[in-house]
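Each chain is listed here by its residues.
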Amino acid sequence: NYSYFPIIFGDENSLLKTLAQLDENNVVARRYFYPSLADIGDNSIKNNPALASDIASRTLCLPLHPDLTNREIEKIAKIIAEVGLG
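Residues numbered from 1 in each chain as written. Predicted model: local features only at pLDDT ≥ 70, side-chain atom pairs only at ≥ 80, totals over all residues. Heavy atoms only, no water.

A few points about the nonpolar core
In this structure, Ile-7, Phe-9, Leu-15, Leu-22, Val-27, Ala-29, Leu-60, Leu-62, Ile-76, Ile-79 and Ile-80 together form the largest nonpolar core, which totals 11 residues. Breaking this core down by element, the ones donating at least two residues are helix H1 (12–24), strand S3 (59–63) and helix H3 (70–83). (Core = buried A, V, L, I, M, F, W, Y, C linked by side-chain atoms within 4.5 Å. Buried < 20%, exposed > 50% of the residue type's maximum accessible area, 1.4 Å probe, protein only. Helix = DSSP H or I, 4+ residues; strand = E, 2+ residues; numbered from the N terminus.)

Shown next, in the form of structure tokens:
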């Protein structure tokens, strides 16, 4: 639906720190397909459930919409840069 821009962090701790900072700055970001289907007992993840769980734990969706201003984009980028992608 093009309303979020997913990014994958190097580790879940970096994601959680970034999510907290975004929240403190009134930026709405969401975990993406978290927990993974493999973690909630869905047997459709047959090839590599550990990989699905790993990626789900490190993926964050940033806001993406037509009303997002350049100032807001810069604010989001600054927060991510300060915390780091892990």
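Here we look at the environment of Asn-13
With respect to the helices and strands, Asn-13 occurs in helix H1. A relative accessible area of 46% places Asn-13 in the partly exposed class. Spatially, the C-alpha atom of Asn-13 lies 7.8 Å from that of Gly-86, the residues being 73 residues apart in sequence.

Let's talk about the sheet that holds S3
Strand order in the open sheet made by the three strands is S1-S3-S2, with antiparallel pairing throughout. Looking at which strands have only one partner, the edges of the open sheet turn out to be strand S1 (4–8) and strand S2 (30–31). Relative to S3, S2 runs antiparallel, the two being bridged by two bridges. Note on S3: the bridge partner recorded for Arg-30 is Cys-61. Most of the contacts of H1 go to S3, to which it runs at about 25°, and overall it touches S2 and S3. (Pairing = 2+ DSSP bridges. Contact = heavy atoms within 4.5 Å. Axes fitted to C-alpha atoms, helices over the stretch in contact; angles between N-to-C directions.)

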